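As a plain string of letters, each chain reads:
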Amino acid sequence: MKISSVFSADGALGQTISGFQPRDEQTMMAERVYHAIQQQQPLVIEAGTGTGKTFAYLAPALLSGKKTIVSTGSKNLQEQLFHRDLPLMKAALGFMGRIALLKGRGNYLCLDRLSRQIIESHSHSSDPQLLSQLVKVRSWSSSTQSGDLGECEDLAEDSKVIPDITSTNENCLGKDCPSFAECFVFKARNKALQADLVVVNHHLFLADMAVKETGFGELLPEAEVFIFDEAHQIPDIASQYFGQSMSSKHIADLAKDIEIGYRTEAKDMRQLQKVAEKLTSSAAQMRLALGEPGFRGNWRDALKNPNLQREIERLNDALQLCRDVLKMALGRSQLLDTAFDRTTQIHNRLTRVCDTSIMGYSYWFECTPRHFSLNITPLSVANKFQQQMDEHGGSWIFTSATLSVSGDFQHFTSRLGLKDQQNLALSSPFDFQTQARLCVPRYLPEPNSAQMAQHLVTILTPVIEANKGRCFFLCTSHSMMKDLTERFRQRLDLPVLMQGESSKQALLKEFTQLGDALLVATGAFWEGIDVRGDALSCVIIDKLPFTPPDDPLLKARIEDCKLNGGEPFYEVQLPDAVIALKQGVGRLIRDTSDKGALIICDNRLVTRDYGKMFLSSLPPIPRTRSVSTIIHFLQSSMSK
């Protein structure tokens with residue numbers, strides 16, 4: 001079957017999908033993907049919103065007859081691909097092969113840990129609500145085929161019980177587990193090994209890459225074709241997995257398992273409970289020594305603090321004592337045997353993280369209200385990623401709506417060390433001249449001005465009211481998001497929703513059902529959100545999304561760029577910000593019938609030379625500086 005015929009009006013897709021319309025960009029992309037697969041070449045494709053890139057890579061992958069891994073940017077996209085797009089494509093092409101969905105182990109119920117938690121939850125100090133959730137999960141576990149907790153309707157996606165009933169690489173008992181024969185993780189991986197096409201996400205794919213690198217195992221099947229959707233995320237995620245981290249969460253989970261082991265299988269070893277308490281206390285004291293939550297700091301600098309050094313010493317001592325006590329319990333319990341190995345591993349990681357003399361890495365820490373993480377991130381993953389590609393061979397396809405900066409792919413390809421790859425930029429088929437307007441309002445204060453939030457509320461309230469809500473306000477910081485939310489709630493009679501007040505999916509559902517809301521959000525809503533039609537017709541962005549200059553990862557990349565004789569602003573900071581802005585802008589027009597306005601509240605687009613680079617990277621949307629022109633455009637769009 002010829003690729004071009006699949007996408008013709010009377011072709012396979014036209015006969016299967018009601019209302020299918022051929023798109024030149026989609027056909028061109030499909031042909032280039034098919035050619036790259038046959039020639040075993042790397043290919044980088046920027047496909048503008050509305051191109052139909054999912055079908056454009058699925059069709060050639062299925063028709064190639066080669067084993068394929070498709071990696072997406074999130075679990076939601078995985079679900080969409082597997083449950084919606086792939087069945088359509090299979091039906092259209094008459095594909096008879098096997099497909100599989102594989103998620104990270106943290107998504108699958110661990111039967112052994114569930115049974116341990118139920119025993120533990122009957123203790124006098126346990127939370128009755130927790131026990132109620134565990135009972136519901138146990139009831140669901142007898143009927144589920146996949147063990148994917150996302151399918152358990154009685155369990156909230158952010159339930160606190162999930163980490164207790166799933167396994168990690170560190171605490172999994174493997175073949176020694178009493179429930180190994182029924183293990184959902186093992187079954188899912190086995191199914192993936194036998195499948196012709198496997199849908200994963202970037203975190204799982206790169207975790208597998210990192211595991212293979214250390215020689216401990218392979219989570220994913222060997223494949224001949226690797227396709228990355230939302231590929232712009234790959235360099236940053238790869239940096240996480242080719243580095244190392246140690247967190248208080250690892251310590252808390254370890255302490256909890258030691259406590260369970262003591263209560264269920266080693267009741268005569270009271271010292272187990274004592275070392276678990278000492279671990280928890282030491283981690284909590286170290287968290288306090290690291291300062292305020294919501295902060296990323298330079299770990300090298302932090303280590304100069306004598307108070308923090310004392311807490312590291314205490315944590316080291318607690319881990320050593322824990323190891324000594326667990327050594328006495330070896331052979332009594334699989335859970336405690338595994339805890340012994342985990343204690344050694346955490347101790348080794350803490351030692352490694354505290355040795356900041358090794359060059360080529362960024363050393364940083366991060367604090368939440370209850371936890372901290374210590375991280376080592378390589379400044380470049382280019383050599384390691386290219387090495388993996390060379391070892392695997394096959395075809396590597398990278399696609400996203402945001403890979404280029406002013407038509408140049410160098411920023412993306414250099415970060416992954418790609419060489420000899422083909423590049424293709426396909427514009428969006430949407431008619432931006434009639435569907436959208438872009439406004440940079442006049443008389444804006446400087447981006448970091450103390451009066452910025454108040455000024456934005458004053459000038460934009462009339463726009464939001466005229467549009468009857470139906471608006472996203474995307475912020476570059478949590479503080480601005482909270483400030484704007486508070487002020488808009490005082491000024492507007494319309495519903496004002498804020499990210500973080502409920503789950504992402506629940507917020508989106510509420511936003512579309514209300515039909516007249518303003519949603520104020522940050523990071524997570526800049527990409528991967530698809531709201532079509534009248535529900536969303538205005539996207540406002542508070543300022544150009546430059547990474548904060550005190551971010552330790554950015555600082556390290558800037559230093560690395562300087563050492564290599566580069567210009568950090570133009571080679572690191574500016575390209576990152578352009579790609580982030582393109583993602584935010586992409587939330588507005590999602591369909592051929594959509595109409596809407598984009599408002600970017602940053603004078604630098606107009607007053608600085610580099611503003612041209614941002615503007616030349618955006619879709620060809622007619623521009624204005626008049627807020628009243630935008631109000632008129634939105635009102636005329638509503639009346640049609």
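What follows covers the overall build of the protein. When its secondary structure is counted, the protein shows 26 helices and 18 strands. Over its C-alpha trace the protein gives a radius of gyration of 26 Å, about what one expects of a compact globule, namely 26 Å for 640 residues. Along the first, second and third principal axes, the C-alpha atoms of the protein reach 75 × 60 × 55 Å. Looking at the protein as a whole, 55% of its 640 residues are labelled buried. A sequence separation of at least 24 residues applies to 76% of the contacts in the protein between residues at least 6 apart. A total accessible area of about 28,700 Å² is found for the protein, and carbon and sulfur atoms account for 49% of it. The positive charge centre, built from 70 side chains, and the negative charge centre, built from 73, are 1 Å apart in the protein.

Here we come to helix α16 (residues 382-392). Looking only at α16, the buried set comprises Ala382, Phe385, Gln386, Gln388 and Met389. Each buried residue of α16 lies within a common arc of 155 degrees when the element is viewed along its axis, so the set occupies one face. Opposite its buried face, α16 presents the exposed residues Asn383 and Glu391, each directed more than 90 degrees away. Phi turns positive, to about 70 degrees, at Gly393, one or two residues after α16.

Another aspect to go through is unusual backbone geometry. Positioned with a positive phi, Tyr443 is a non-glycine residue whose angle comes to about 60 degrees. On the secondary structure map, Tyr443 appears in the loop between β12 (436-439) and α19 (452-466). What makes Tyr443 exposed here is its relative accessible area of 73%. Phi is positive for Lys468, close to 55 degrees, though the residue is something other than glycine.

A word on the nonpolar core. Ile165, Phe205, Phe385, Trp396 and Phe398 are the most contacted members of the largest nonpolar core, which has 46 residues in total. Setting aside its immediate chain neighbours within four residues, Phe385 contacts Leu206, Met209, Ile234, Trp396, Phe398 and Leu416. In terms of nonpolar packing, the next biggest core, distinct from the first, is built from 41 residues, Trp526, Ile579, Phe614 and Leu615 among them.

To continue, consider the environment of Ile45. By secondary structure assignment, the location of Ile45 is in strand β1 (residues 43-47). In this structure, the C-alpha to C-alpha distance between Ile45 and Thr629, residues 584 residues apart in sequence, is 35 Å.

Strand order in this open sheet of seven strands is β14-β15-β13-β16-β17-β12-β18, and the pairing throughout is parallel. Whereas interior strands pair on both sides, the edge strands pair on one side only; in this sheet they are β14 (496-498) and β18 (623-624). Pairing geometry for β14 and strand β15 (residues 518-521), over three bridges, is parallel. Bridged to Leu497 within β15 is Leu519. The sheet contacts of helix α20 (residues 478-491) involve β13 (471-474), β14 and β15, and relative to β14 the element is tilted by about 160 degrees. In the packing of helix α21 (residues 504-514) onto the sheet, the strands contacted are β13, β14 and β15, and the crossing angle to β14 comes to about 165 degrees.

What counts as what
Residues numbered from 1 in each chain as written. Predicted model: local features only at pLDDT ≥ 70, side-chain atom pairs only at ≥ 80, totals over all residues. Heavy atoms only, no water. Helix = DSSP H or I, 4+ residues; strand = E, 2+ residues; numbered from the N terminus. Rg over C-alpha atoms; globule rule 2.2 N^0.38 Å. Buried < 20%, exposed > 50% of the residue type's maximum accessible area, 1.4 Å probe, protein only. Contact = heavy atoms within 4.5 Å. Areas by Shrake-Rupley, 256 points an atom, 1.4 Å probe, with all protein chains shown as cover. Lys, Arg positive; Asp, Glu negative; His and termini not counted. Charge placed at Lys NZ, Arg CZ, Asp CG, Glu CD. Arc of directions from axis to C-beta. Core = buried A, V, L, I, M, F, W, Y, C linked by side-chain atoms within 4.5 Å. Pairing = 2+ DSSP bridges. Axes fitted to C-alpha atoms, helices over the stretch in contact; angles between N-to-C directions.

Fair warning: the whole summary comes from geometry, so function is off the table for now.
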